[in-house]
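For reference, the chains in residue letters:
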Amino acid sequence: MNTPQHTRWRSPAAFTMIEILIAVAIIGVGLVALSSAIPIAAYGIQEGNQLSTATFLANQRLEQVRNAEWRAAQGVAPAVDTLGLSPSDTAAPAGDGDLITFPDEIPLEAPFGGYTRTVRIAGCDEGGGCGGIVSPDLRQVTVTVTYQPMTGIGVAAPTATKSAIVTMYIARR
C-alpha cells in the first residue's frame, strides 16, 4: 500500500502554516490589549490602597479626638476642655489656655510621609449650628487626610490632591 508523498506528512488533524499564523496574530492582538490594561489595573489598586490608608489615618485621629476630655464644671471640679475649638477653618483647635490640642501634621511621620492630616473642631452653639442642631454642648469634629494620587501614567501633579474626610459630633460630658 503506497501512500502519496504529500499526504503522508499531513493528517486531517494537522495544522497548516496559514492556520498557525492566523492563530499567532489573534493571540498577539489579545496580548497587546491585555498589556495596555495592566497600567489601568495597577492604578486602581494603588488608588484603593491610598484611599484605604487615608481613611485609616483619619479614623485613627478621630479616636484620639474622641478620647479628649471636654466636661462642664461639676460641683467643685472645674470645667475641662482638652478638645478645643478651631478659631477658623484654617486653624488647628485650641483648648484650655489657648494650647493647640490637635496640631496639623504636614506631612505625617514615616511611613506615612505622603499624607497630611488636619483636625478642625466647630462649636454648634452659633449661627446655624451643626447640620441644623444648635447646642452649646455639641461640637463637630472634621478630620481631613490629604494625599497626592497616582494617575494611569504616574504620580499626579503636586497641586492635584485627594482627601479622605471623616466627621463626627462630640457631646460635652
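Figured I'd write up the structure that's included with this text.

Rules of the game
- Sequence order sets the numbering: in each chain, residues are counted from 1 along the sequence as written.
- Since the coordinates come from a predicted model, pLDDT governs what is reported: local features require at least 70, and pairs of side-chain atoms require 80 or more to be given and counted, while whole-chain, interface and lining totals use all residues.
- Water and hydrogen atoms were dropped before computing side-chain values, which therefore reflect all heavy atoms in the structure.
- Remark: nonpolar core denotes a set of buried residues (Ala, Val, Leu, Ile, Met, Phe, Trp, Tyr, Cys) joined through side-chain atoms within 4.5 Å.
- Relative accessibility under 20% of the residue-type maximum defines a buried residue, over 50% an exposed one, and the middle range a partly exposed one, all with a 1.4 Å probe and only protein chains included.
- The numbering of helices and of strands both runs from the N terminus, where a helix is a DSSP run of H or I of at least 4 residues and a strand a run of E of at least 2.
- It only takes one pair of heavy atoms within 4.5 Å for two residues to be counted as in contact.
- In this analysis, a patch consists of residues with relative accessible area above 30% that form no salt bridge, clustered at 9 Å for like charges and at 5 Å for the nonpolar side chains Val, Leu, Ile, Met, Phe, Trp and Tyr.
- Computed by Shrake-Rupley with a 1.4 Å probe, the accessible areas treat only the displayed protein chains as cover when residues are assessed.
- What makes a salt bridge here is a side-chain nitrogen of Lys or Arg within 4 Å of a carboxyl oxygen of Asp or Glu, nothing more.
- Definitions used throughout: a 1 Å grid over protein atoms alone; a cavity as a set of points that fits a 1.4 Å probe which cannot get out; a pocket as an open set with protein on both sides within 12 Å along at least five of seven lines; a lining residue as one with an atom within 4 Å of a point.
- Grid points are joined across faces, edges and corners, and a volume is the space filled by probe spheres set on the points.
- Each residue is assigned to one class: nonpolar for Ala, Val, Leu, Ile, Met, Phe, Trp, Tyr, Cys and Pro, charged for Asp, Glu, Lys and Arg, and polar for all the others, Gly among them.
- Each Phe, Tyr or Trp ring, with Trp reduced to its six-membered ring, pairs with another whose centre is within 6.5 Å; inter-plane angles below 30 degrees give stacked pairs, above 60 give edge-to-face pairs, and intermediate values give tilted ones.

## Observations regarding the nonpolar core
Okay, step 1: Membership of the largest hydrophobic core comes to 20 residues, with the highest contact counts inside it found for Val65, Leu83, Phe102, Tyr115, Val119, Ile121 and Val141.
Okay, step 2: Within the residue set of this core, elements represented by two or more residues are α2 (17-66), β3 (115-123), β4 (138-147) and β7 (162-171).
Okay, step 3: In terms of residue count, α2 provides more of this core than any other element does, 5 residues in total.
Okay, step 4: In this structure, Leu83 is in contact with Val65, Ala68, Glu69, Trp70, Pro93, Thr101, Phe102, Ile121, Arg139 and Ile170, ignoring residues within four places of it in sequence.

## A word on a nonpolar patch on the surface
Okay, step 1: Together, Met17, Ile20, Leu21 and Val24 give the surface a local cluster of nonpolar side chains, amounting to about 410 Å² of exposed area.
Okay, step 2: Mapping Val24 onto the fold places it in helix α2.

## Quick notes on the layout of surface pockets
Okay, step 1: Empty space within the largest pocket amounts to approximately 230 Å³.
Okay, step 2: Those elements giving two or more residues to the lining of the largest pocket turn out to be β3 and β4.
Okay, step 3: Per-element tally for the lining of the largest pocket: the top contributor is β3, with 4 residues.
Okay, step 4: Taken together, the residues of the lining of the largest pocket break down into 4 nonpolar, 5 polar and 4 charged.

## Section: the packing of aromatic side chains
Okay, step 1: Scanning the model with the defined rule gives 2 aromatic pairs in all.
Okay, step 2: Relative to Tyr115, the ring of Phe112 has its centre 6.5 Å away and its plane inclined at 70°; by these criteria the two rings are edge-to-face.
Okay, step 3: In this structure Phe112 comes out as partly exposed when scored by relative accessible area, which is 27%.
Okay, step 4: Its relative accessible area of 10% is what places Tyr115 among the buried residues.
Okay, step 5: A centroid spacing of 5.8 Å and a plane angle of 50° characterise the contact between Tyr115 and Tyr147, whose relative ring orientation is tilted. Of the two residues, Tyr115 sits in strand β3 while Tyr147 sits in strand β4, which places them 32 residues apart along the sequence.

## Some remarks on the pattern of salt bridges
Okay, step 1: Scanning the entire structure with this criterion turns up 8 salt bridges.
Okay, step 2: Measuring nitrogen to oxygen at the nearest pair gives 2.5 Å for the salt bridge that ties Arg71 to Glu69.
Okay, step 3: Accessibility expressed as a relative area gives 23% for Arg71, which makes it partly exposed.
Okay, step 4: Residue class for Glu69 comes out partly exposed when judged on its relative accessible area of 34%.
Okay, step 5: Taking the shortest distance from any N to any O, the salt bridge between Asp137 and Arg172 comes out at 2.9 Å. Of this pair, Asp137 sits in the loop between β3 and β4 while Arg172 sits in the segment after β7; the two residues are 35 residues apart in sequence, bridging distant segments of the chain.
Okay, step 6: Several salt bridges share partner residues, and in doing so they unite Arg61, Glu105 and Arg117 into one network.

## Examining empty space enclosed by the protein
Okay, step 1: Scanning all chains against the criterion turns up 1 cavity of 30 Å³ or more.
Okay, step 2: Considering only enclosed or pocket space, the largest cavity measures out at about 30 Å³ in volume.
Okay, step 3: Around the largest cavity sit Val65, Arg66, Ala68, Trp70, Leu83, Ile170, Ala171 and Arg173, which together line it.
Okay, step 4: Mapped onto the lining of the largest cavity, the elements with two or more residues apiece are α2 and β7.
Okay, step 5: Each residue belonging to the lining of the largest cavity can be placed in one class, and the counts come to 6 nonpolar, no polar and 2 charged.

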